[in-house]
Amino acid sequence: MNVPANLFYTEEHEWVLFEGNTATIGITDFAQEQLDELVYVEVDTVGEKLDRNEVFGTVEAVKTTSDLFMPVAGKVIEFNSALDENDGDNPTLVNEDAYGKGWIVKVELDDPADREGLLDAEAYGKLIS
């Protein structure tokens, strides 16, 4: 299972990449594998300020729908247009490249040090093993 060392993780299987005052968020390789082929990614919280653990969107696979939870507090500033049904409409990018082209949202952080409570790669690897 792919668990990049430069990312932080949640027990709900989201990943976070911190870059200055911005965080890029997606679902982990483990999560996309468990869900199987994604058919839809919905995020209608762009422009909204959300607290940690609030739902920011959903992913829909052939057999199930799962909520996406904010791993950090902040304002959702961008939804990956390649996943958006109104633009690229390719939700399988999450399956193909969960940690790259399959990112889901970018968030302007309330606190750039908001890593407390997130798992590092080693801890996440133990969680999913």
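See the structure above.
Residues numbered from 1 in each chain as written. Predicted model: local features only at pLDDT ≥ 70, side-chain atom pairs only at ≥ 80, totals over all residues. Heavy atoms only, no water.

A. Structural detail: the packing of aromatic side chains. As enumerated under the stated definition, the model contains three aromatic pairs in all. Here the aromatic rings of Phe-8 and Phe-18 are separated by 5.5 Å at their centres, their planes lie at 75 degrees, and the arrangement is edge-to-face. With Phe-8 in strand S1 (residues 8-9) and Phe-18 in strand S2 (residues 14-19), this pair connects stretches of sequence that are 10 residues apart. Overall, the relative accessible area of 21% leaves Phe-8 in the partly exposed class. In this structure Phe-18 comes out as buried when scored by relative accessible area, which is 11%. Between Tyr-9 and Tyr-124 the ring centres are 4.7 Å apart and the planes differ by 10 degrees, which places this aromatic pair in the stacked class. (Phe/Tyr/Trp six-rings, centres within 6.5 Å; stacked < 30°, edge-to-face > 60°. Helix = DSSP H or I, 4+ residues; strand = E, 2+ residues; numbered from the N terminus. Buried < 20%, exposed > 50% of the residue type's maximum accessible area, 1.4 Å probe, protein only.)

B. Molecular detail of the environment of Leu-68. Inspection of the secondary structure assignment puts Leu-68 in strand S7 (residues 65-69). Judged by its relative accessible area of 1%, Leu-68 is buried. With 25 residues separating them along the chain, Leu-68 and Val-43 place their C-alpha atoms 9.0 Å apart. Once residues lying within four places of it in the same chain are set aside, the contact partners of Leu-68 are Glu-14, Ile-27, Glu-54, Val-55, Phe-56, Gly-57, Thr-58, Val-59 and Ile-104. (Contact = heavy atoms within 4.5 Å.)

C. Just unusual backbone geometry, in detail. Although it is not a glycine, Asp-36 adopts a positive phi angle of roughly 75 degrees. Topologically, Asp-36 is positioned in the loop between helix H1 (29-35) and strand S4 (38-42). Among the residues examined, Asp-36 registers a relative accessible area of 53% and is labelled exposed.

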